[in-house]
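Fold and contact review
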Amino acid sequence: MKRTQRGITLLGFIIVLAVVGFFAYVGMKLFPMYSEYYSVKTALKGLASEPGTAASDPARIQDLFFRRLYISYSENVKPENVKIRRADNGWQMDVQYEVRRPLVFNLDVVGKFHATQTLTRGGDGI
């Protein structure tokens, strides 16, 4: 009886390794962008739960927001990306920014992020 070997060839293994490596590389480029977005969302929720924030002026609210982001090492959100406008019972804060990271040669990964939080006088953020 003749037995034949079965399994992946060396060339097949190299191709699978290249595909997995490429997706791991893309994941390493995307993870910091989404981690920063999570920091922005956390800072906004923290501001909403802090009592007295809605009674503050917009400059003070923006200062508190950027202090929270400074702790998280967030570097892509700039003051021109933050808009604070009067809402029904306080303020509505919109943060909209774009992150561009080089991927391979002349290809870039672009992430557009938008977060909104209502700062109410009750401090519950609803």
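Residues numbered from 1 in each chain as written. Predicted model: local features only at pLDDT ≥ 70, side-chain atom pairs only at ≥ 80, totals over all residues. Heavy atoms only, no water.

Next up on the list: the pattern of salt bridges. By the definition in use, this model includes seven salt bridges. Of the charged contacts, one joins Arg-85 and Asp-94 as a salt bridge, the two residues approaching to 3.8 Å between their closest N and O atoms. The residue Arg-100 makes a salt bridge to Asp-108 at a minimum N-O spacing of 3.7 Å. Three or more residues are tied together by salt bridges with common partners; here these are Arg-60, Asp-63 and Arg-67. (Salt bridge = Lys/Arg side-chain N within 4 Å of Asp/Glu carboxyl O.)

Glancing now at the nonpolar core. Counting residues in each nonpolar core, the largest one holds 24 residues, and the members touching the most others are Val-40, Phe-65, Val-77, Met-93, Val-95 and Leu-119. At the level of secondary structure, the elements contributing two or more residues to this core comprise helix H1 (10-49), helix H2 (58-71), strand S2 (90-104) and strand S3 (107-120). The element that contributes the greatest number of residues to this core is H1, accounting for seven residues. If we skip the residues at most four places from it in the chain, Met-93 touches Leu-44, Leu-47, Ile-61, Phe-65, Val-82, Lys-83, Ile-84, Ala-115, Thr-116, Gln-117 and Leu-119. (Core = buried A, V, L, I, M, F, W, Y, C linked by side-chain atoms within 4.5 Å. Buried < 20%, exposed > 50% of the residue type's maximum accessible area, 1.4 Å probe, protein only. Helix = DSSP H or I, 4+ residues; strand = E, 2+ residues; numbered from the N terminus. Contact = heavy atoms within 4.5 Å.)

Two faces belong to every sheet, and in a regular strand the side chains alternate between them. Here S2 pairs with S3 via 14 bridges, running antiparallel. Note on S3: the bridge partner recorded for Tyr-97 is Phe-113. Linking S2 to S3, which pair antiparallel, is a turn of two residues; within it Phe-105 sits at a positive phi near 50°. (Pairing = 2+ DSSP bridges.)

Moving on to unusual backbone geometry. The backbone phi angle of Tyr-73 is positive, close to 60°, even though this residue is not glycine. Along the chain, Tyr-73 turns up in the loop between H2 and strand S1 (82-87). By relative accessible area, which is 73% here, Tyr-73 ends up exposed. For Phe-105, which is not glycine, the phi dihedral falls at a positive 50°. Within the secondary structure, Phe-105 sits in the loop between S2 and S3.

Turning our attention to the UniProt feature "transmembrane region" (unreviewed entry) in the chain. Mapped onto this structure's residue numbering, the UniProt feature "transmembrane region" (unreviewed entry) falls at residues 7-28. Across residues 7-28, helical content stands at 86% and strand content at 0%; the span's end C-alpha atoms are separated by 30 Å. (UniProt positions renumbered as here; feature names shortened; annotations may be inferred.)

Tallied over the entire structure, the rule returns five aromatic pairs. Aromatic side chains Phe-22 and Phe-23 sit 5.8 Å apart centroid to centroid with 70° between the ring planes, which places their arrangement in the edge-to-face category. Exposure remark for Phe-22: the relative accessible area of 41% places this residue in the partly exposed category. For Phe-23, a relative accessible area of 56% translates into the label exposed. A centroid spacing of 5.4 Å and a plane angle of 75° characterise the contact between Phe-65 and Phe-66, whose relative ring orientation is edge-to-face. With relative accessibility at 0%, the residue Phe-65 sits in the buried group. Here the aromatic cluster, defined as three or more aromatic residues joined through ring pairs, consists of Tyr-34, Tyr-37, Tyr-97 and Phe-113. Stacked on the ring of Trp-91, the Lys or Arg Arg-86 has its end atom at 3.9 Å from the ring centre. (Phe/Tyr/Trp six-rings, centres within 6.5 Å; stacked < 30°, edge-to-face > 60°. Lys NZ or Arg CZ within 6 Å of the ring centre and 35° of its normal.)

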